[in-house]
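As a plain string of letters, each chain reads:
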Amino acid sequence: MQLLDGKVVSQHIKEEIKKQVEQLTWAGKRPPHLVAILVGENPASKAYVGSKVKTCAELGFESTLISYDAAVTESELLLKIKEFNANPSVDGILVQLPLPKHISEDKVIETIDPGKDVDGFHPVNLGKMMLSLPTFVPATPYGIMLMLQHYGIKTAGMNCVVIGRSNIVGTPMSLLLSRNTEPGNCTVTMCHSKTKDMKALCKEADIIVAAIGKPRFVTEDMVKEGAIIIDVGINRVESTETKSGFRLVGDVDYENVAPKCSYITPVPGGVGLMTICALMKNTLLAHANHTQS
Ligand code: GUN
């Protein structure tokens, strides 16, 4: 079993980005600028946004963090987004999801200028992705593709099961893996809550991407010998072994599944780090589009 090590791959990609930012600065250009908007007190969202802002600093990007109380109105939030849309010094805008129930996520996403939608969630960008046109690819599936590419894993012809059909991960992941690219060219099955006999489908899979948000959902009896396992889950579970009383586990029962795999991503230290890298690559792309002369 070989670890698909998010620390190693993300460090490598971050070094490349850092060099590109240095070159931009030498050429007299401003650095890329990401705006992150956080609404409410969701501890996971706070941690994710914190990591994104910290990574910006590490890479020489400018970042602006706007934090709103959970009671912020939808119109106030939309107004702020429009302000950043119109600000030429801003390259990328992300609004961390999920949002409180009184705010429409669809409206928020549709208000972001597609040219600054570095999450790749806007319908225009998702449409372009479906057509394989150049665009911002959603960060988690994009990060997974970068990881497979880094390890030189030849996926053509493989059977792939994606568990979960979210707009953010499962659906774009299925599209990317089925495209005529390398990595890609997989035969993809997308599983969800109504899927019949998921175990049988998983047992046939050369690659399983678990993005269902249920701790240790994928168990050893669902996995074929030699399969590649990509674990997108980040679940907080109670633990007697940590000071905090909690630990992070993925959607895969790592301890029992890992010995059967050819490759597996750990949690933490796997896909999560790649997601941030992919977001940074998208922000760099947005900057290039905005500063082209
Ligand atoms: N919530 C979970 N994942 C993401 C992500 O990639 N981007 C944003 N904006 N919110 C998220």
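In this report, the structure presented in the accompanying data block is examined.

About the cut-offs
Residues numbered from 1 in each chain as written. Predicted model: local features only at pLDDT ≥ 70, side-chain atom pairs only at ≥ 80, totals over all residues. Heavy atoms only, no water. Salt bridge = Lys/Arg side-chain N within 4 Å of Asp/Glu carboxyl O. Pairing = 2+ DSSP bridges. Helix = DSSP H or I, 4+ residues; strand = E, 2+ residues; numbered from the N terminus. Buried < 20%, exposed > 50% of the residue type's maximum accessible area, 1.4 Å probe, protein only.

### Looking at the pattern of salt bridges
Counted according to the given criterion, the structure contains 9 salt bridges. Residues R247 and E255 are paired through a salt bridge, measuring 4.0 Å at the closest nitrogen-oxygen approach.

### Some thoughts on the sheet that holds strand β7 (residues 207-210)
Across a sheet, strands are paired by hydrogen bonds formed along the backbone, either parallel or antiparallel in direction. Read from one edge to the other, the open sheet built from 6 strands follows the order β1-β11-β8-β7-β5-β6, with strand pairing classed as parallel. The open sheet has two edge strands, β1 (2-3) and β6 (187-191), and neither has a second partner. Sheet topology note: the strand β5 (residues 159-163)/β6 ladder contains 5 bridges and is parallel. When the sheet's bridge partners are listed, V161 is paired in β6 with T189.

### Section: unusual backbone geometry
Among all residues except glycine, the phi angle is most often negative; among peptide bonds, the trans geometry is most common. Residue P98 is bonded to the preceding L97 through a cis peptide linkage, with omega at 5 degrees. By the element assignment, P98 lies in the loop between β4 (92-95) and α4 (105-111). With an omega dihedral of -5 degrees, the bond running from V267 to P268 counts as a cis peptide bond. Relative to the elements of secondary structure, P268 occurs in the loop between β11 (263-264) and α10 (271-291). Here the phi dihedral of N185 falls at roughly 55 degrees; this positive angle occurs in a residue that is not glycine. Its relative accessible area of 29% is what places N185 among the partly exposed residues.

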